Amino acid sequence: MKLEYTDKQNAFRAEIRGWLDANVPKEPLKSFDTEEGFEQHRQWEKTLFEGRWSAVTWPQALGGRGADLIEWLIFEEEYWRAGAPLRVNQNGVFLLAPTLMEYGTEEQKKKFLPRMASGEDIWAQGWSEPGAGSDMAAIRSTAKVDGDEYVINGQKTWSTRAVYADWLFGLFRCEAGSQRHKGLCFILLPLDTPGITIRPIQQLNGLPGFAEIFFDDVRVPIANRIGGDGDGWSIAMATAGFERGLMLRSPGRFQRTAADLVKLYKKHEDRVAADPAIRDAVMRSWMDAEAYTLATYKTASSLMKGGKIGAEASTNKIFWSELDLLMHETAMSILGARAELLPHVPATSPLDQDLDQWLDAFLFAQAGPIYAGTNEIQRNIIAERMLGLPRA
Amino acid sequence: MDFTFDAQQNQFRDAVRSFLVVEAAPERLREYWETPTGRSAEMRKKITDQGITSLSVPEAYGGLGMGDVDWVQILEQVGYHGIPDSLAEAAYLGVAILNALPDEHEAIKKKWLERMVAGQARLAIGHPINPLVHDAEIADLILLWHNDELHATTPDKVKTTQRDSIDASRRLYEVEWTPSDETRVLTADQAAPIWAEAVDRAALAAAAQLVGLAQCMLDLSIDYAAQRKQFGKPVGSFQAIKHHLANVAVQIEFAAPVVYRAADAVANNHPRRAALVSHAKLATGRAARLSARNGIQSHGAMGYTWEADLQMYMKRAWALDAYWGDSVFHKARVAEFIFADDAPLGPGETFTA
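Residues numbered from 1 in each chain as written. Chains lettered and ligands numbered in written order. Predicted model: local features only at pLDDT ≥ 70, side-chain atom pairs only at ≥ 80, totals over all residues. Heavy atoms only, no water.

Q: A description of the environment of Lys156(A) should follow, citing residues and the corresponding values.
A: Residue and element names in this part refer to chain A. Take Lys156: it is sitting in strand E3 (residues 149-160). Counting along the chain gives 28 residues from Lys156 to Ser128, while the straight-line C-alpha distance between them is 5.8 Å. Leaving out residues up to four positions away in the same chain, Lys156 has contacts with Gly126, Trp127, Ser128, Glu129, Ile139, Ser141, Leu171, Phe172, Ala211, Glu212, Ile213 and Phe215. A polar atom in the side chain of Lys156 sits 3.1 Å from the backbone oxygen of Trp127. Side-chain polar atoms of Lys156 contact the side chain of Glu129, separated by 3.0 Å. (Helix = DSSP H or I, 4+ residues; strand = E, 2+ residues; numbered from the N terminus. Contact = heavy atoms within 4.5 Å. Polar contact = N/O pair within 3.5 Å; in protein donor to acceptor, adjacent residues only side chain to side chain.)

What follows is the structure in structure tokens.
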């Protein structure tokens, strides 16, 4: 155990810190769930790419820096510290890319990864269907072989970023009559292909952060399949696997929120001091954000030494999503009766300057225990695969 | 940056575990509960033979010269097996206090450290953070706080009154004594930093044991839930039980690294040591309390009996949760850190000095 950064790690931190200081937009970008904001965020991905910061864990040859997991954590810490824009291509860079690198052909890697890194292609995910949510193996959308193409029919839903994204990756039933986990294929397709209809779904904040997608005889080359015919389920599980479990939410995000919450509390302490539960929740927020950070460093160190993690990755999802809720609920308690207010120009109270940051994030925190596998599903995974309790 | 234990540390942990699985099996603990001292000379001898009492005694006195990070996983095992022996108090905390004595006290240091290696020393430690002194009557040496001074005495020179604990392996005593020049080993100036470090080290030891206890109670509950059938199925196949136990696993997973961080901070006298130790104590207390609560719930009525082993570990967990600083004490220390004007909070600050 050596809980100090090496000179190389410190130099890496200094480099990214300097670059972010010089390049992070001074004015916050508009939400990437608006058309204008989406393009602003795409431009930001391009800026990151030009600095070779858009995919630090990727190999140098693909535009990355070959960063190891500790360097990735350092990058993320600095990213959140600098208040840099949210990553509009998270689905691509953090979820699809590791899958492509493991299961894709050289040709596929060459075709998709550089355009992903530069933000030219922004990716949406296509897992859930109206009848396949937590029970993802109930997927019914089909991909039927016709010549060297698949003909896709069916419907996907809750497809994050799909309204403005360029490409979609998802699971389709490619063997007629197959059941459950068998006969599924992992297919990539451009969202402007004829036969695709995208219907935006308004989220809690009124913006179309996800969409329904309808497929009506949509033709894609078989060459767009990742991995073998019928191997889609295991590839999708790998996408949801350990590294992605680690990378979906880096600790820096929650440490930033916790630090902001401490500041918010101190600013309003006189007004809220009579409710000691608020102070307690602020302290717990900081402690849990640190605990999440420490656990992530421990996991990263262990993986770098050749260790493996399995089902315990499911504990991450539960821990950070509950922490995120706690922090934002606490912020709402501090802001009290004005917490419900949307931004207003000009401000009508000194409290107004603290409002916008928290309300939207409070809404988003409600989704945390649901997306990427509900926390109930995660608890089942922990109970059965980590604790060895009998299956139902 | 490397947040892992080395192979030797893991081997030592595994050796201690294998030893305690046999020597501290639940039926043995029950026997010890019934004895007058609650202690077993035989067990202490075996612990000594394993080298556990010598772990942090310097090599010059015949020990192994190991540190806090080496200890932390062993303390988890001590907690897991709920041994009826104040080992953490004597071999970890007591030895650290003796190690810190300045050179002019070489005689005391040598005498007691060598006896510790030989398994011939029980140490009791009295500090006002705890109202009572563990093992005071059966100790060979009692180290006592008095206005930040360090005093040393023996049970025959103090008046002890035993107070029974719900955890029958804890032997707690009110100690009445009169500080004198004869008992004083160090002045307040000399002893204050030693006591401050001792409080952190003791709280760390309790935290590590709480992680072990939380895991032990979780394992007992998993075993029970996999065996016990209702509606024709093991109750552990029902989601209500699964989710209770999964929640415990989550708490343990995120409490243990905090303890390891705190162990490193104690070992290196980190400027944030107090806050890091208190964080560890609070996080592990929470994990252990949840493991007890969800454990008893998963055991159903059996969990409320004397017969089920769960009770022994629950009681230890409840006791340790408030030992060497209750939540009031530890939250105050965390608050002092995070609400300070220039507190280094946020991303990138976790490992800064």
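Having put the structure on the table, let's press on.
Q: Kindly report on the interface of chain B and chain A, identifying the contributing residues and their values.
A: Taken together, the contact between chain B and chain A spans 45 residues of the former and 55 residues of the latter. A buried area of about 4900 Å², summed over both sides, lies between chain B and chain A, and 70% of it is on carbon and sulfur atoms. A per-residue breakdown of the area chain B buries against chain A is headed by Met1(B), Phe254(B) and Pro347(B), which together make up 17% of the total. Counting the contacts that link chain B with chain A gives 4 salt bridges. Among the ionic pairs, Asp280(A) bridges to Lys331(B), the shortest N-O distance being 2.7 Å. (Buried area = accessible area lost by both parts, 1.4 Å probe. Salt bridge = Lys/Arg side-chain N within 4 Å of Asp/Glu carboxyl O.)

Q: I'd like a rundown of the packing of helix H3 (residues 69-81) of chain A against helix H8 (residues 251-272) of chain A, residues and numbers included.
A: Residues and elements named next belong to chain A. Interhelical geometry of H3 versus H8 gives an angle of 35 degrees and a closest axis separation of 8 Å. For the element pair H3 and H8, the recorded crossing hand is right-handed. Contacts between H3 and H8 pair Leu73, Glu77, Trp80 and Arg81 from the former with Pro251, Gly252, Arg253, Gln255 and Arg256 from the latter. Of the residues belonging to the contact of H3 with H8, the class tally is 3 nonpolar, 2 polar and 4 charged. (Axes fitted to C-alpha atoms, helices over the stretch in contact; angles between N-to-C directions. Left-handed = near helix turned anticlockwise from the far one by under 90°. Nonpolar A, V, L, I, M, F, W, Y, C, P; charged D, E, K, R; others polar.)

Q: Before we move on, could you go through the confidence of the model for chain B and cite the residues and values that matter?
A: The predicted coordinates of low-pLDDT regions are not to be read in fine detail. Mean pLDDT over chain B works out to 96, with 100% of the residues at or above the 70 mark. Scored as a whole, the predicted complex attains pTM 0.97, and scored at its interfaces, ipTM 0.97. (pLDDT = per-residue confidence, 0-100.)

Q: Requested: an account of the sheet that holds strand E6 (residues 171-176) of chain B, with residues and values cited.
A: All names here are of chain B. Across the sheet, 3 strands lie side by side as E2-E6-E5; this open sheet has antiparallel pairing. At either margin of the open sheet sits one strand with a lone partner, and together these are strand E2 (133-134) and strand E5 (159-164). With 6 bridges joining them, E5 and E6 adopt antiparallel strand pairing. Looking across to E6, one finds that Asp164 is bridged to Arg171. (Pairing = 2+ DSSP bridges.)

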